[in-house]
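# Close look at the chain arrangement
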Amino acid sequence: MDLLDLKIVETLLKDADTPLSEIGRKCGINSSSAISKRIKKLREEEIILRSEAVVNYSKLGYDFIAVTFIKAKFGHAYTSRLAEKLLDIKGVITLLEILGETDFIMISLNRNQKEYREKLSYLMSLDEIERSDTRVVTSNFRMNDLSNLRLFPEQESRTVD
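Here goes a summary of the coordinates provided.

What counts and what doesn't
- Residues numbered from 1 in each chain as written.
- Predicted model: local features only at pLDDT ≥ 70, side-chain atom pairs only at ≥ 80, totals over all residues.
- Heavy atoms only, no water.
- Helix = DSSP H or I, 4+ residues; strand = E, 2+ residues; numbered from the N terminus.
- Buried < 20%, exposed > 50% of the residue type's maximum accessible area, 1.4 Å probe, protein only.
- Contact = heavy atoms within 4.5 Å.
- Core = buried A, V, L, I, M, F, W, Y, C linked by side-chain atoms within 4.5 Å.

What follows deals with the overall build of the protein. In terms of regular secondary structure, the protein is built from five helices and four strands. Sequence-ordered secondary structure for the protein, helices as α and strands as β, is α-α-α-β-α-β-β-α-β. Counting only C-alpha atoms, the protein reaches 60 × 40 × 40 Å along its principal axes. Burial statistics for the protein: of 161 residues in total, 29% are counted as buried. By sequence separation, contacts in the protein at least 24 residues apart represent 64% of the contacts at least 6 residues apart.

Here you go:
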């Protein structure tokens, strides 16, 4: 992977529908087929896993976002067993295993409070869960938007302390 590949990935992060000719222009390459070959190689190397549509879920009725912190019961392979069950819950958009007092952070999109309560009821029925703690999101400023990721260190903005 070289700087050109990084530039291609960064361009696709901003908009996966960017035409090959425009990606080539941004990278200084006039050949769309050369860009296509590089993207194919990035997919084969599993650097690019898939292209996704960015959807405004609230326009589809999913405007109850819940962040649930989950403490699992300790046991043999307990986190992988529980993760499998959590990933099967419809509406779970993010599942992170973390270190510390909490084992998982689960973010779910729900149509309403009732739909989330059904998920919570299921969570509480799982023997692998010791306890959970939920926060309801009141404002969504950015979710799953990787377009702000900077792959080149010189592009990172410095923050003032």
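One recurring pattern in soluble globular proteins: nonpolar side chains tend to sit buried together. The biggest cluster of nonpolar side chains holds 13 residues, and the ones touching the most others in it are Ile 70, Leu 82, Leu 86, Met 106 and Leu 123. Those residues within four positions of Met 106 in sequence are excluded, and the remaining contacts are Ala 66, Val 67, Thr 68, Ile 70, Leu 86, Ile 89, Val 92, Thr 94, Leu 95 and Leu 123. Among the nonpolar cores identified, the runner-up in size contains 10 residues, and Leu 4, Ile 8, Cys 27 and Ile 35 belong to it.

Function cannot be inferred from these measures alone, as they are strictly geometric.
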